[in-house]
Amino acid sequence: MSTVENIGPAVAPTYWSVDPANSTVEFAVKTFWGAMTVNGRFERFDGSYQIGPDGPSIELDIDAESLNTGHAKRDEHLRSSDFFTVEEHPHVRFRSTRVDDVGDGRLHVQGTLEAAGEAIPMEFDATALQVGDTLQVEVSTVIDPREFNMSRGMLNMIRPAAKVYVKAHLSERPALQTAA
């Protein structure tokens, strides 16, 4: 195993793409005034980690319609205009603006998260390890749905902090070619 810093400087851009079959995007939200936790996941997403001349960058594109908490009626409500507004805003997107390698496979990431028609700046820490021909990236962060003008539900039953977990296995791909 090697850390991302040991992958080496990129002479030519290095592009890693998410393997959705071996990756997860999950969340946990406290409800009922903190007495119960609802766990869910997004079934469809894509993403990349690229090391280029301007440094590393991270992108994640989530199909908001693929939200799944295991309860159809709740999922329908979460897709509604009270929360994700998937008919108008079918994607949740993260684009990094800066990725700093802080050593030992740890990254400090800054970027913009877009959901439900809102875009907010965010920062989080991640780990990135190369195992064979796979890059494993893990993120655990907290997002406040109120920043996206999402409802707190009836009687303010939903807590403001949603924990988000991303465990991504990425495979190296040839660098994207641009037309001359």
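In this report, we go over the structure that sits alongside the text. (Residues numbered from 1 in each chain as written. Predicted model: local features only at pLDDT ≥ 70, side-chain atom pairs only at ≥ 80, totals over all residues. Heavy atoms only, no water.)

Considerations on the packing of aromatic side chains
Then step 1. Under the criterion given, the structure shown has three aromatic pairs.
Then step 2. Ring centres of F27 and F42 lie 5.6 Å apart, and the angle between their planes is 50°; on these two criteria the pair is classed as tilted. Of this pair, F27 sits in strand β3 (residues 24-31) while F42 sits in strand β4 (residues 36-42), placing them 15 residues apart in sequence.
Then step 3. Under the relative-accessibility criterion, F27 is labelled buried at 11%.
Then step 4. Judged by its relative accessible area of 9%, F42 is buried.
Then step 5. Through successive ring pairs, a cluster of aromatic residues spans F27, F42 and F84. (Phe/Tyr/Trp six-rings, centres within 6.5 Å; stacked < 30°, edge-to-face > 60°. Helix = DSSP H or I, 4+ residues; strand = E, 2+ residues; numbered from the N terminus. Buried < 20%, exposed > 50% of the residue type's maximum accessible area, 1.4 Å probe, protein only.)

Focus: the environment of E26
Then step 1. For E26, the position within the fold is in strand β3.
Then step 2. Classification of E26 as partly exposed rests on a relative accessible area of 30%.
Then step 3. Put simply, E26 and Y165 are 139 residues apart on the chain and 5.1 Å apart in space, counted from C-alpha to C-alpha.
Then step 4. In this structure E26 touches G40, R41, K163, V164 and Y165, once residues within four positions along its chain are discounted. (Contact = heavy atoms within 4.5 Å.)

Quick word on the pattern of salt bridges
Then step 1. All told, the structure shown has seven salt bridges when counted by the stated rule.
Then step 2. For E43, the salt bridge goes to R41, with nearest N and O atoms at 2.9 Å.
Then step 3. Overall, R41 belongs to the partly exposed group, its relative accessible area being 37%.
Then step 4. The salt bridge involving R44 is made with D63; its shortest N-O contact spans 2.8 Å. Taken as a pair, R44 in the loop between β4 and β5 (45-52) and D63 in strand β6 (residues 55-63) lie far apart in primary sequence, 19 residues in all. (Salt bridge = Lys/Arg side-chain N within 4 Å of Asp/Glu carboxyl O.)

A look at the side chain of D144
Then step 1. Inspection of the secondary structure assignment puts D144 in the loop between β11 (134-143) and β12 (162-173).
Then step 2. Only 2.8 Å separates the side chain of D144 from the side chain of R146, close enough to count as a polar contact. (Polar contact = N/O pair within 3.5 Å; in protein donor to acceptor, adjacent residues only side chain to side chain.)

Things to note about the side chain of S66
Then step 1. Looking at the element boundaries, S66 is found in the loop between β6 and β7 (67-68).
Then step 2. Every residue in contact with S66, bar those within four places of it in the chain, is listed here: R41, F42, E43, R44 and R79.

Focus: unusual backbone geometry
Then step 1. Unusually for a residue other than glycine, T85 sits at a positive phi of about 50°.
Then step 2. The topology assignment puts T85 in the loop between α1 (72-79) and β8 (91-103).
Then step 3. Residue T85 is classed as buried on the basis of its relative accessible area of 14%.
Then step 4. The phi dihedral of D104 is positive, around 55°, even though this residue is not glycine.
Then step 5. Tracing the backbone through its elements, the reader meets D104 in the loop between β8 and β9 (106-115).

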